[in-house]
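# Working through the structure, step by step
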Amino acid sequence: MWEEPPSAAGQGAKGLTLGVVVLLILVPVYCVVLTSISTPGSINRAGGLVLVPDGITFDAYTTMLTGGPVRQALLVTLGVTLVGTAISMVVSVLCAYGLSRSRSLGHRFLLMILVVTMFVSGGLIPTFLVVSDLGGYGKYWALILPSAVSVFNILVLRSFYSGTAAELIDAARMDGASEWRILWSVVLPTSRAVTAVITLFYAVGYWNTFFNVMLYMPTESTKWPLQYVLYEYVNLGMNMPGQVNSGFGGAHSQTAPLSLQMAVVVLTLLPIMLVFPFMQKHFAKGMLTGAIKG
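Heads up: these notes are all about the structure in this document. (Residues numbered from 1 in each chain as written. Predicted model: local features only at pLDDT ≥ 70, side-chain atom pairs only at ≥ 80, totals over all residues. Heavy atoms only, no water.)

## Brief notes about the packing of aromatic side chains
Evaluated as defined, the whole model comprises four aromatic pairs. Ring centres 5.9 Å apart and planes at 10 degrees place the aromatic pair F128 and Y216 in the stacked group. With F128 in helix α6 (residues 124-133) and Y216 in helix α11 (residues 211-216), the pair connects residues that are 88 residues apart, well separated along the chain. Residue Y216 is classed as buried on the basis of its relative accessible area of 1%. Geometrically, the ring pair formed by W224 and Y228 is edge-to-face, given 4.9 Å between the ring centres and 70 degrees between the ring planes. By the burial criterion, W224 is buried, and Y228 matches it. Each residue in the set F128, Y137 and Y216 is aromatic and connected to the rest through ring pairs, giving one cluster. (Phe/Tyr/Trp six-rings, centres within 6.5 Å; stacked < 30°, edge-to-face > 60°. Helix = DSSP H or I, 4+ residues; strand = E, 2+ residues; numbered from the N terminus. Buried < 20%, exposed > 50% of the residue type's maximum accessible area, 1.4 Å probe, protein only.)

Here it is in C-alpha cells:
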C-alpha cells in the first residue's frame, strides 16, 4: 500500500519486454511447425525454415507415423515415460512419507545418507559397470532404474508431508487407520499440488531421456526412444524412410528431409505442450505452498 502506482513508462517497458520474450519463444515454434507441414517446393524456395505459408501438406507426419524408426521410438518413449513415472512416484512417495514421520526407525540416518548422495556419486564408469553386470545393457529397464529416484524430489515431498496437520493424522489413528491408510486417505489428498508437480518433473525427465540411451542401448534403432531418434536424424543428418537423399527435395521427392526433421521436433514437443497448461495451476501452487509468507 505504500508503493507508488506504476508509471505509464514502466508499464509500457514491462509490456514491451514480455512481448519480446513471447516472440522469441513463439516465432521459432511457428517456423518449426510450419516447416513440418510445408511442401518440398516451398522449403526449397525458402532455402530452409519456412516463414510464410506456401503450400501445405501432411506427408511428413504420414511418412513418419506409418512405419519406420519414429513410430517405434514413440512407442518406446511412451512406455518408458509411463512405467518410469509410475515407479519413480511410488518409490518417492513411500520414501518421503517414511522420512516425514519423526518416529520412524532410523529416519534421520537415512535422510543424511540421501542428502550425501546429492553431492557425492559413484561416477559414470562405476554406474555403467553395475548396470552392465546386472544385465541391463540393451534392456529397457536401463533407461528407467538408474535414474528412477531423485533425492531432491523426495526432499520436496518430505517437506510437504511433514507439514500435514497433525490433528488429521491423529484423528485417523484414533479411528484405527493404518499407516498405509493414512498415506492414501489423508496425506496424499492434502498434497495433490506437490504430487502433480513431482509427477510432471519425472515425466518430463523420462520423456527427454537421452544420455542413458547412449550408455546402455546398442546401435539397434528399434530400441531408441524419441529423443535419440531426434538426435540421429536431425543433428547428425541421417535419412529416414520416405525422404530424399540430397538437397531440400525436388519435384519427384516424397517428403523433404527438413520437413521430416521438423515433424520429429514437433512430435517431441507436442505432448509436453499439451500437458503443461493443465498442470499449470498445480505447478504454481505446488512450488509456492510452504514458502515463507509475509
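There's more to say after this.
## A word on the pattern of salt bridges
Tallied over the full model, the rule gives one salt bridge. Between E179 and R173 there is a salt bridge, and its shortest N-O distance comes to 2.8 Å. The class of E179 is partly exposed, set by a relative accessible area of 34%. Judged by its relative accessible area of 29%, R173 is partly exposed. (Salt bridge = Lys/Arg side-chain N within 4 Å of Asp/Glu carboxyl O.)

## Focus: the nonpolar core
If you look at the biggest cluster of nonpolar residues, it comprises 58 residues, and the most contacted ones within it are M64 and Y161. Ranked by residue count, the leading element in this core is helix α4 (residues 69-100), at ten residues. When residues of this core are assigned to domains, at least three map to each of domain 1 (1-57) and domain 2 (58-292). If sequence neighbours within four positions are ignored, Y161 has contacts with V93, A96, Y97, S100, R101, V187, L188, S191 and T195. (Core = buried A, V, L, I, M, F, W, Y, C linked by side-chain atoms within 4.5 Å. Domains from an automatic or database assignment. Contact = heavy atoms within 4.5 Å.)

## Examining a nonpolar patch on the surface
Taken together, the side chains of L16, V20, V21, V22, L24, I25 and L26 make up a nonpolar region of the molecular surface, amounting to roughly 660 Å² of accessible area. If you trace the backbone, V20 turns up in helix α1 (residues 8-36). What makes V20 partly exposed here is its relative accessible area of 41%. (Patch = residues over 30% accessible without salt bridge, like charges linked within 9 Å, V, L, I, M, F, W, Y side chains within 5 Å. Areas by Shrake-Rupley, 256 points an atom, 1.4 Å probe, with all protein chains shown as cover.)

## Some thoughts on the packing of helix α7 (residues 151-162) against helix α10 (residues 192-207)
Between α7 and α10, the least distance of the axes is 10 Å, while the angle of their chain directions is 175 degrees. By the angle between their directions, the pair α7 and α10 is classed as roughly antiparallel. Across the interface between the two elements, N153, V156, L157, F160 and Y161 from α7 touch V194, T195, I198, F201 and Y202 from α10. In terms of residue class, the contact of α7 with α10 is built from eight nonpolar, two polar and no charged. (Axes fitted to C-alpha atoms, helices over the stretch in contact; angles between N-to-C directions. Parallel < 35°, antiparallel > 145°, perpendicular 65-115°, else oblique. Nonpolar A, V, L, I, M, F, W, Y, C, P; charged D, E, K, R; others polar.)

## A closer look at the packing of helix α5 (residues 107-119) against α7
Helix-helix packing is described using two parameters, namely the angle between the two axes and the distance between the axes. For the pair α5 and α7, the least separation of the axes is 9 Å and the interaxial angle reads 140 degrees. Taken together, the axes of α5 and α7 are oblique relative to one another. Contacts from L111, L114, V115, T117 and M118 in α5 reach V151, F152, I154, L155 and R158 in α7. Its residues assigned to classes, the contact of α5 with α7 shows eight nonpolar, one polar and one charged.

## Remarks on the side chain of T57
Within the secondary structure, T57 is located in the loop between α2 (40-46) and α3 (59-65). Classification of T57 by relative accessible area gives buried; the value is 15%. A polar contact is formed between the side chain of T57 and the side chain of D59, at a distance of 3.1 Å. What T57 contacts, discounting residues up to four positions off in sequence, is S36, I37, S38 and T39. (Polar contact = N/O pair within 3.5 Å; in protein donor to acceptor, adjacent residues only side chain to side chain.)

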